[in-house]
Amino acid sequence: MKQSIFKITENTQLTATVFKMKLQGDVSDITSSGQFVNIKLDGLYLRRPISVCDSEDGVLTLIYKVVGKGTEQMSKMNIGEKLDILTGLGNGYDTSLSGERPVLLGGGVGVPPLYMLCKKLISEGKSVSVVLGFNTKEEIFCEEDFKALGATVYVATADGSYGIKGFVTDALKEIDYTYFYTCGPEPMLKALYKATDTSGQFSFEERMGCGFGACMGCSCKTVTGYKRICKDGPVLKKEEILWAD
């Protein structure tokens with residue numbers, strides 16, 4: 001974990017509630033796709049954890065949804081402003097298990113951490129499929145970004161206004177895959193746990209307190225006991241997860 005000051009170079013609105021922020025700073029502690037950062041914001045006691053979308057050549061890319069005071073404050077920040085950020089948090093995805101045809105499944109703001117993962121898998125010569133799930137056409141983002149990487153992209157919308165009508169599990173039926181990676185809301189993760197035929201890795205979107213393991217506010221029950229999503233995760237393997245009823 002490293003504490004650094006980052007300077008905002010972009011803060012662009014992608015949808016009604018989703019923004020993309022790019023920042024310049026020390027990204028040396030970001031070593032794996034699926035890691036997250038923790039951002040200090042003026043006037044707020046707790047830092048805000050945000051998944052890393054991309055990290056390259058001293059540029060950190062975050063895609064976040066405005067859901068409360070912290071993210072609303074971020075959405076109003078301007079180019080040139082600075083943020084105090086903790087980097088290198090979380091374990092990230094393990095690409096060594098992917099096989100030749102991995103599929104990546106993201107729901108809503110679970111989509112961004114899959115971008116850096118997709119880049120890495122493609123650089124390793126894998127044939128990557130990506131499934132993006134949203135409620136409606138107006139909420140879609142990053143479709144073209146994944147296509148630009150060379151992935152085969154499927155989009156599912158719950159209301160059928162774009163792409164496949166239904167959920168990421170419906171799109172999954174059309175794909176021949178060797179392994180899966182996913183990030184999204186818990187109902188989606190639970191559905192994928194039941195629908196997938198192979199092993200895979202789940203990144204959890206838990207609300208965090210401290211963000212680095214000092215509390216137990218973001219725990220998940222596993223076969224070896226409770227694990228802290230911020231410290232032991234956010235990525236857990238399918239075989240170790242025990243879903244609470």
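Residues numbered from 1 in each chain as written. Predicted model: local features only at pLDDT ≥ 70, side-chain atom pairs only at ≥ 80, totals over all residues. Heavy atoms only, no water.

1. With respect to the pattern of salt bridges
Opposite charge on two side chains allows them to pair when their charged atoms are near.
In step 1: Within the structure shown, the criterion is met by 13 salt bridges.
In step 2: When the shortest N-O distance is used, the salt bridge between Lys-147 and Glu-143 registers 3.1 Å. Highlighted residues: Lys-147 and Glu-143, both in helix H3 (residues 143-149), separated by four residues, approximately one helical turn.
In step 3: By relative accessible area, which is 37% here, Lys-147 ends up partly exposed. (Salt bridge = Lys/Arg side-chain N within 4 Å of Asp/Glu carboxyl O. Helix = DSSP H or I, 4+ residues; strand = E, 2+ residues; numbered from the N terminus. Buried < 20%, exposed > 50% of the residue type's maximum accessible area, 1.4 Å probe, protein only.)

2. Quick look at the packing of aromatic side chains
To describe a pair of aromatic rings, you give the distance between the ring centres and the angle between the ring planes.
In step 1: Counting across every chain of the model gives seven aromatic pairs.
In step 2: Between the aromatic rings of Phe-180 and Phe-202, the centroid separation amounts to 5.3 Å while the plane-to-plane angle is 90°, which identifies the pairing as edge-to-face. Within this pair, whereas Phe-180 is found in strand S12 (residues 179-184), its partner Phe-202 is found in strand S13 (residues 200-204), the two being separated by 22 residues in sequence. Grouping residues by exposure puts Phe-180 and Phe-202 together as buried.
In step 3: Among the aromatic side chains, those forming a connected cluster through ring pairs are Tyr-93, Tyr-179 and Tyr-181.
In step 4: Above the plane of the ring of Tyr-193 lies Lys-238, whose end atom (NZ or CZ) is 5.6 Å from the centre. (Phe/Tyr/Trp six-rings, centres within 6.5 Å; stacked < 30°, edge-to-face > 60°. Lys NZ or Arg CZ within 6 Å of the ring centre and 35° of its normal.)

3. Overview of the sheet that holds strand S2 (residues 18-24)
In step 1: Read from one edge to the other, the open sheet built from seven strands follows the order S4-S3-S7-S1-S2-S6-S5, with strand pairing classed as antiparallel. For this open sheet the edge positions go to strand S4 (48-51) and strand S5 (54-56), each flanked by a neighbour on one side alone. Averaged over all adjacent pairs, the angle separating strand axes in this sheet is 35°, with direction ignored.
In step 2: Examined bridge by bridge, S2 and strand S6 (residues 59-65) share seven bridges and lie antiparallel to one another. (Pairing = 2+ DSSP bridges. Axes fitted to C-alpha atoms, helices over the stretch in contact; angles between N-to-C directions.)

4. Here's the deal with the sheet that holds strand S10 (residues 152-157)
In step 1: Pairing is mixed across the open sheet formed by seven strands, whose spatial order is S11-S10-S9-S8-S12-S13-S16. Both edges of this open sheet fall to strand S11 (164-165) and strand S16 (235-237), since each of them pairs with a single strand only.
In step 2: Sheet analysis places S10 next to S11, joined by two bridges and oriented parallel. Across the sheet, the residue bridging to Ala-156 is Ile-164, located in S11.
In step 3: On top of the sheet, helix H2 (residues 113-123) reaches strand S8 (102-107), strand S9 (129-134) and S12; it is set at about 165° to S8, its chief contact. (Contact = heavy atoms within 4.5 Å.)

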